[in-house]
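Summary of the model geometry
This is what each chain is made of:
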Amino acid sequence: MRAVLCSLLFSLFITTGAHAETVRLTNGEWPPYLGEHLPHHGVASRIVSEAFALQGITVAWEFHPWVRSLQLAQSGKRSGSAVWMYNNEREKSFFYSDPVLESGFYLFHRKDYLFDWRQISDLGKRRIVGTRGYDYGDAFQQAEAKGQLRINRVTSDETGFRQLIAGRVDVFPADKVVGFDMLHQYFSAADRAKLTFHPQPLRLDSLHLLMSREVPGNAEVMARFNQGLAQLRESGKVAQYLLEIQQPLSLTP
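The notes below deal with the structure included here. (Residues numbered from 1 in each chain as written. Predicted model: local features only at pLDDT ≥ 70, side-chain atom pairs only at ≥ 80, totals over all residues. Heavy atoms only, no water.)

**Side note on the overall build of the chain**
- Of the regular secondary structure elements, the chain holds 9 helices and 9 strands.
- By residue count, 48% of the 253 residues in the chain fall in the buried class.
- Contacts spanning at least 24 positions in sequence make up 74% of the contacts within the chain whose residues lie at least 6 apart.
- Split by element, the accessible area of the chain, about 13300 Å² in all, is 54% carbon and sulfur. (Helix = DSSP H or I, 4+ residues; strand = E, 2+ residues; numbered from the N terminus. Buried < 20%, exposed > 50% of the residue type's maximum accessible area, 1.4 Å probe, protein only. Contact = heavy atoms within 4.5 Å. Areas by Shrake-Rupley, 256 points an atom, 1.4 Å probe, with all protein chains shown as cover.)

In structure tokens form, the structure reads like this:
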């Protein structure tokens, strides 16, 4: 009798394991949205993982530099990558999910620096620092390429904020949530008190999960993810998770 019972349990284990589904997704460092050592690997990773879980799919995360993350997914060596802004060129290689969350880039500046702007041409005489590899929107990128903006690209957002606080530059574009988190983590209250941001966004975008068109079945997997994401959003958890990452900073426009 014991042998029969063990055989049945073993068969059940094999059957269950055979139907378990896993997607291998690449990721990068962009706290508090994404990060290898953050709780849940960051709020965006948490949303993606839990949306998949509602569809019975487990996520295996891999963290790489952003260019490498995209290349691995684009070639089909990994199932996909999280999370990215919409890009016409990338759509040739990837299925785009429904929006996972929203990103807003704003121009940070010192409170003692009188600053206003309405269009990109208004920034022509400003000393701007930007982060390498960041796309600040078509109008900004085109003006930069034509030499119409005085912008110095640095290796990290932290360096950009340090230059801004030191008065070496006039403005620094950054995602507001990312900027607040970085200022909270790496800067003193006295430094934070020196900064504010202009209320007009430089660019507003949705952030998406990408699934490679090179991986068979990914169109169906993406459809299931979108279903799970809708369920998670309807439950109120997405709003809850986003609220949890807000930092109590006193930056005001």
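From this point, the discussion proceeds with the structure in view.
**Brief notes about helix α8 (residues 218-234)**
- The first and last C-alpha atoms of α8 sit 24 Å apart over 17 residues, in line with the 24 Å expected at 1.5 Å per residue.
- Of all the residues in α8, the buried ones are Asn218, Val221, Met222, Arg224, Phe225, Asn226, Gly228, Leu229 and Leu232.
- Turning to α8, the residues buried within the fold contact β1 (21-27), α2 (43-53), β2 (57-63), β4 (94-96), β9 (195-212) and α9 (237-244).
- Count one or two residues on from α8 and you reach Gly236, which has phi positive near 90 degrees. (Expected span 1.5 Å × (residues − 1).)

**What to know about the pattern of salt bridges**
- Considering all chains together, one arrives at 14 salt bridges under this definition.
- Residue Arg78 is joined to Glu62 by a salt bridge in which the shortest nitrogen-to-oxygen separation is 2.6 Å. A residue pair is termed long-range when its members are at least 10 positions apart, and Arg78 in the loop between α3 (66-74) and β3 (80-85) and Glu62 in strand β2 qualify at 16 residues.
- Look at Glu62 and you get buried, because its relative accessible area is 17%.
- Linking Glu158 and Arg162 is a salt bridge whose minimum nitrogen-to-oxygen distance equals 3.0 Å. (Salt bridge = Lys/Arg side-chain N within 4 Å of Asp/Glu carboxyl O.)

**As for the environment of Glu244**
- By the secondary structure assignment, Glu244 is in helix α9.
- Residues Glu244 and Val43 lie 201 residues apart in sequence; the distance between their C-alpha atoms is 9.0 Å.

**Some words on the packing of helix α5 (residues 157-166) against helix α6 (residues 176-186)**
- With their axes 11 Å apart at the nearest point, α5 and α6 run at an angle of 75 degrees to one another. Classified by the angle between their axes, α5 and α6 sit roughly perpendicular to one another. On α6, the residues that touch Asp157, Glu158, Phe161 and Arg162 of α5 are Val178, Gly179, Met182, Leu183 and Tyr186.
- The residue inventory of the contact of α5 with α6, partitioned by class, reads 5 nonpolar, 1 polar and 3 charged. (Axes fitted to C-alpha atoms, helices over the stretch in contact; angles between N-to-C directions. Parallel < 35°, antiparallel > 145°, perpendicular 65-115°, else oblique. Nonpolar A, V, L, I, M, F, W, Y, C, P; charged D, E, K, R; others polar.)

**With respect to the nonpolar core**
- With 63 residues, the main nonpolar core has Val48, Phe52 and Phe161 as its most contacted residues.
- Once you skip the residues sitting within four places of it in the chain, Phe52 turns out to touch Val23, Leu25, Ile57, Val59, Leu209, Val221 and Phe225.
- Ranked by size, the runner-up nonpolar core spans 6 residues in total, among them Ala73, Trp84, Phe94 and Tyr96. (Core = buried A, V, L, I, M, F, W, Y, C linked by side-chain atoms within 4.5 Å.)

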